[in-house]
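Read off the chains here:
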Protein chains: 2
Amino acid sequence: MNLKDLADQLNLSPTTVSRALNGYPEVSEVTRARVEDAARRYNYRPNTQAKRLATGRAMAIGHVIPISTQHEIVNPVFADFIAGAGEVYARSGYDLLMTIVPDEDQDRIYREIRSKRNVDGCIVHSPKMAEPRIGLLRELGLPFVVHGRATLETGPYSWVDMNNIRAFHRATEFLIDLGHRRIALINGIETMDFAHRRRLGFEQALAARGVQADPGLMASGEMTEAQGYHEAMAMLAGPQRPTAFLTSSLLSAMGVRRALGDLGLVLGRDVSIVTHDDDLSYLRNGGDEPIFTATRSSVRDAGRRCARLLLRQIELGKAAVPKPVGELLEAPLIVGASTGPAPGV
Amino acid sequence: MNLKDLADQLNLSPTTVSRALNGYPEVSEVTRARVEDAARRYNYRPNTQAKRLATGRAMAIGHVIPISTQHEIVNPVFADFIAGAGEVYARSGYDLLMTIVPDEDQDRIYREIRSKRNVDGCIVHSPKMAEPRIGLLRELGLPFVVHGRATLETGPYSWVDMNNIRAFHRATEFLIDLGHRRIALINGIETMDFAHRRRLGFEQALAARGVQADPGLMASGEMTEAQGYHEAMAMLAGPQRPTAFLTSSLLSAMGVRRALGDLGLVLGRDVSIVTHDDDLSYLRNGGDEPIFTATRSSVRDAGRRCARLLLRQIELGKAAVPKPVGELLEAPLIVGASTGPAPGV
DNA sequence: TTCGCCAACCAAAGCGCTTTGGAACGGGAG
DNA sequence: CTCCCGTTCCAAAGCGCTTTGGTTGGCGAA
């Protein structure tokens, strides 16, 4: 059943049917009701491709998910991020187009996406400190919103980010207040902007309180359980045994906890852990009482915000070039059972 | 730059340019070369929407991701599954269209997808034992492949599934051989087909060896770390303390491990754990030496297989209705450090 | 010389929708 | 009674591609 068939059934022209269904004023209310009723009865749904071709709008948002070729890892936060963004798209009638791409092919894919015109805008995931995709998209004139920021990018762009610096600053201060001095940082890959900022917050807090940072107590890599375990094992075997760990991910924190178990150390008494918690649906930090003391910021919520921002930009963009805007989310520190005073304090 | 412009530049008709670019034989090789060269120079890319409208093929595959409304959980395996499927789509020029839907809206969404004609087929995720979506899609005539199976579905359909029964049968036997008799099962939600089958394998193995199944040692629910922890704590506090756990997910296994730690029990000596491992990229079961003894089956690989199967069906479907086929994947049991003889054996 | 055939190209008709630019009709103002 | 305007509808021209059903010109066979 297409528009023409439906029009024939109603003894109306396709024009009128189209207008009736799309809420144009120049059709009488009684006709509109008739049309809507028939559309429902015949289960008519306009052909997406035709609509898109005619309007020139793709009604779809692109998510280009990079897959790191060394590690073959899909970032575990994507599922939740996309769940959040997807909610918003669904409400506005947009589709979500996903493309999984090896890191080095990203440029090509963005160009292709642009010239094939099958999305109206896109979300940039996992920006690095120096992020070539931002310049590229600006040049291509494709609306976009970055989930995160790119420190070395000077031009304007829209983004949604959490306050990584402040979160890790606060977490570090919290440990120092508990008497910890040898604090280890188990971070993500530090070319990634978020990891860079987290380290900054960590170092600034140490410096502000006159605590010497120890390079031997700073690790960075893919944030997995195994990473947490191995780094913790190595650090705890070293001469400058840390009394506390700050980790960038719940998974890493779980690895550190396993290492403590293996070494017979008690969490929260012998060694403390503070982690960042992305509040993933399948990886909750406990129920009522959090397991780990953590800075928490919902990735799903970030997904929703990115989507809303992008749709707004696209909407506005029809009239004029919209002003880039940023949204900075705070991550409160939530005290759980994994922290306590430094031993011997 | 569209087809017509390009044709004008070349002093050719759009027909010829289209045929040249799409590899039709009725255009001379010298002309084809000229066209291809110009296309490259002008960075011409056919408009996706127009192409789709003209050919009637959406060149996209739909993934409808249900989101359980009680638990608000996004299944953590989706990311890897989609990474696998996405690889295959990319190679064949298909897009991946994702829709996140609350459980109860699925019917509506499939119908909508169908009548909007914006995908050529779709993947059915997380089938239940009784799976209405299969009948629905068959009725709608939309090609589909199920990731998993639906025990109570009698009609034919295409699927890719792992041998859940055999995997859990084998894992259970392995524990029995080690002398364990009080074995706990921490399973997914058992209306889900995979969880049902896993339980079947477990019970069959117990029965075959004359071990009485204890309902108090069988739990089912969302497979999270917290689930593993709480169920294990409860069971270990009970009268019929298990000496071994069989879990459906690495996350649950990690929760069980935490419980053991809290109770001062040693993993692999006091209590054994066997888990199923989906081989997720961000949740590896250790590196060289696996942490947990586990049945392993790569979800990413399953994604690839589903995608290939679906594309093949779509390709064939142009000629005739293709025969449904199934692919059963075995999950080898990989011995790690989490299992040992039952205490006192 | 005529005819048929093949290689190489093209005009025009879709695909199913939106949108432009009317047309038809009725009612109120003059 | 005429004129004008607002309301309500419609025909037809796109959107950018594919595909059908040609046409044209050259060459070999009869």
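The rules we used
- Residues numbered from 1 in each chain as written.
- Chains lettered and ligands numbered in written order.
- Predicted model: local features only at pLDDT ≥ 70, side-chain atom pairs only at ≥ 80, totals over all residues.
- Heavy atoms only, no water.
- Salt bridge = Lys/Arg side-chain N within 4 Å of Asp/Glu carboxyl O.
- Buried < 20%, exposed > 50% of the residue type's maximum accessible area, 1.4 Å probe, protein only.
- Phe/Tyr/Trp six-rings, centres within 6.5 Å; stacked < 30°, edge-to-face > 60°.
- Helix = DSSP H or I, 4+ residues; strand = E, 2+ residues; numbered from the N terminus.
- Lys NZ or Arg CZ within 6 Å of the ring centre and 35° of its normal.
- Least-squares fit on C-alpha atoms with pLDDT ≥ 70 in both.
- Contact = heavy atoms within 4.5 Å.
- Expected span 1.5 Å × (residues − 1).
- Near = heavy atom within 4 Å.
- Polar contact = N/O pair within 3.5 Å; in protein donor to acceptor, adjacent residues only side chain to side chain.
- Nonpolar A, V, L, I, M, F, W, Y, C, P; charged D, E, K, R; others polar.
- Pairing = 2+ DSSP bridges.
- Axes fitted to C-alpha atoms, helices over the stretch in contact; angles between N-to-C directions.
- Domains from an automatic or database assignment.
- Buried area = accessible area lost by both parts, 1.4 Å probe.

**Overview of the pattern of salt bridges**
Where charged atoms of side chains with opposite charge meet at close range, the side chains can pair.
Residue and element names in this part refer to chain A.
Argument step 1. Applying the stated criterion across every chain yields a total of 53 salt bridges over all chains.
Argument step 2. Measuring nitrogen to oxygen at the nearest pair gives 3.6 Å for the salt bridge that ties Arg19 to Glu26.
Argument step 3. We classify Arg19 as partly exposed; its relative accessible area is 32%.
Argument step 4. Of the charged contacts in the structure, one is a salt bridge between Arg199 and Glu190, with a shortest N-O distance of 2.5 Å.
Argument step 5. Overlapping salt bridges, with partners in common, bring together Glu87, Arg300, Asp301, Arg304, Arg305 and Glu327 in one network.

**Examining the packing of aromatic side chains**
Argument step 1. The full count for this structure, using the stated rule, is 1 aromatic pair over all chains.
Argument step 2. Considering the side-chain rings of Tyr282 of chain A and Tyr282 of chain B, the 6.3 Å spacing of their centres and the 45° angle between planes classify their relative orientation as tilted. Separated into two different chains, Tyr282 of chain A in the loop between β9 (272–277) and β10 (293–296) and Tyr282 of chain B in the loop between β9 (272–277) and β10 (293–296) make up a pair that spans both. Both residues of the pair, Tyr282 of chain A and Tyr282 of chain B, belong to the buried class.
Argument step 3. Over the face of the ring belonging to Tyr229 of chain A we find Arg258 of chain A, whose NZ or CZ atom lies 3.8 Å from the ring centre.
Argument step 4. Stacked on the ring of Tyr24 of chain B, the Lys or Arg Arg19 of chain B has its end atom at 5.2 Å from the ring centre.

**Things to note about the relation of the copies chain B and chain A**
Argument step 1. Rotating chain B by 180° and translating it 0.1 Å along the rotation axis places it on chain A, where the RMSD comes to 0.1 Å. When the rotation and shift are considered jointly, the pair of chain copies conforms to a two-fold rotation axis. When each C-alpha of chain B is compared by its distance to the rotation axis, Leu97 of chain B comes out closest, at 2.4 Å.
Argument step 2. A symmetric contact is evident, with 100% of the interface residues of chain B recurring at the interface of chain A.

**As for helix α9 (residues 193–208) of chain A**
Residue and element names in this part refer to chain A.
Argument step 1. Taking 1.5 Å of rise per residue, the 16 residues of α9 would be expected to cover 22 Å, and the 22 Å separating its terminal C-alpha atoms lies within 8% of that figure.
Argument step 2. Buried residues of α9: Asp193, Ala195, His196, Arg197, Arg198, Gly201, Phe202, Ala205 and Leu206, and no others.
Argument step 3. At the C-terminal side of α9, Gly210 shows a positive phi close to 70°.

**Quick notes on the protein's contact with DNA strand D**
Argument step 1. Neighbouring residues of DNA strand D: 26 residues in total, closest Thr15 of chain A together with Leu3, Ser18, Arg19 and Tyr24 of chain B.
Argument step 2. Each atom of DNA strand D within 4 Å of the protein was classed as base or backbone; sugar and phosphate made up 60%.
Argument step 3. A distance of 2.3 Å is found between a phosphate oxygen of DNA strand D and a backbone nitrogen or oxygen belonging to Leu3 of chain B.
Argument step 4. Broken down by secondary-structure element, the contributors of at least two residues to the surface near DNA strand D are α2 (14–21) and α4 (48–55) of chain A together with α2 (14–21) and α4 (48–55) of chain B.
Argument step 5. Considered class by class, the residues forming the surface near DNA strand D number 10 nonpolar, 12 polar and 4 charged.

**A word on the sheet that holds β9 of chain B**
Residue and element names in this part refer to chain B.
Argument step 1. Strand order in the open sheet formed by 6 strands is β7-β6-β8-β9-β10-β12, and the pairing between neighbours is mixed. Only two strands of the sheet have a single partner each, and these edge strands are β7 (218–220) and β12 (333–334).
Argument step 2. Pairing of β10 with β12 involves 2 bridges; the strand directions are antiparallel. Its bridge partner being in β12, Thr295 is matched across the sheet by Leu333.
Argument step 3. Its contacts with the sheet put helix α9 (residues 193–208) on β6 (183–187), β7, β8 (244–247) and β9, and the angle it makes with β6 is roughly 170°.
Argument step 4. The sheet contacts of helix α10 (residues 225–237) involve β6, β7 and β8, and relative to β6 the element is tilted by about 150°.

**Observations regarding the protein's contact with DNA strand C**
Argument step 1. Among the 26 residues in the neighbourhood of DNA strand C, the closest are listed as Leu3, Ser18, Arg19 and Tyr24 of chain A together with Thr15 of chain B.
Argument step 2. Counted by atom, the contact set of DNA strand C within 4 Å of the protein is 59% sugar and phosphate.
Argument step 3. Taking Ser28 of chain B, its main chain carries an N or O atom lying 3.2 Å from a phosphate oxygen of DNA strand C.
Argument step 4. Here a phosphate oxygen of DNA strand C sits 3.0 Å away from a polar atom, N or O, in the side chain of Thr31 of chain B.
Argument step 5. Of all the elements in the fold, those that place two or more residues in the surface near DNA strand C are α2 and α4 of chain A together with α2 and α4 of chain B.
Argument step 6. Here the surface near DNA strand C gets 4 residues from one element, more than from any other, and that element is α4 of chain A.
Argument step 7. Split by residue class, the surface near DNA strand C holds 10 nonpolar, 12 polar and 4 charged.

**Details of the side chain of Glu222 of chain A**
Argument step 1. Note on placement: Glu222 of chain A falls in the loop between β7 (218–220) and α10 (225–237).
Argument step 2. The contacts of Glu222 of chain A, once residues within four sequence positions are left out, are Ser68, His71, Ile73, Ile189 and Gln227 of chain A.

**Focus on the domain arrangement of chain A**
All names here are of chain A.
Argument step 1. Looking at the assigned domains, one finds that chain A contains domain 1 (3–46), domain 2 (60–162 + 300–329) and domain 3 (164–297).
Argument step 2. Each of domain 2 and domain 3 has a C-alpha centre, and the two are 29 Å apart.
Argument step 3. Counting from both sides, the interface comprises 16 residues of domain 2 and, opposite them, 19 residues of domain 3.
Argument step 4. At the boundary of domain 2 with domain 3, total buried surface from both sides reaches about 1,500 Å², with 55% on carbon and sulfur atoms.
Argument step 5. Taken as a group, Asp80, Met129 and Met162 account for 39% of the area that domain 2 buries against domain 3, more than any other trio of residues on that side.

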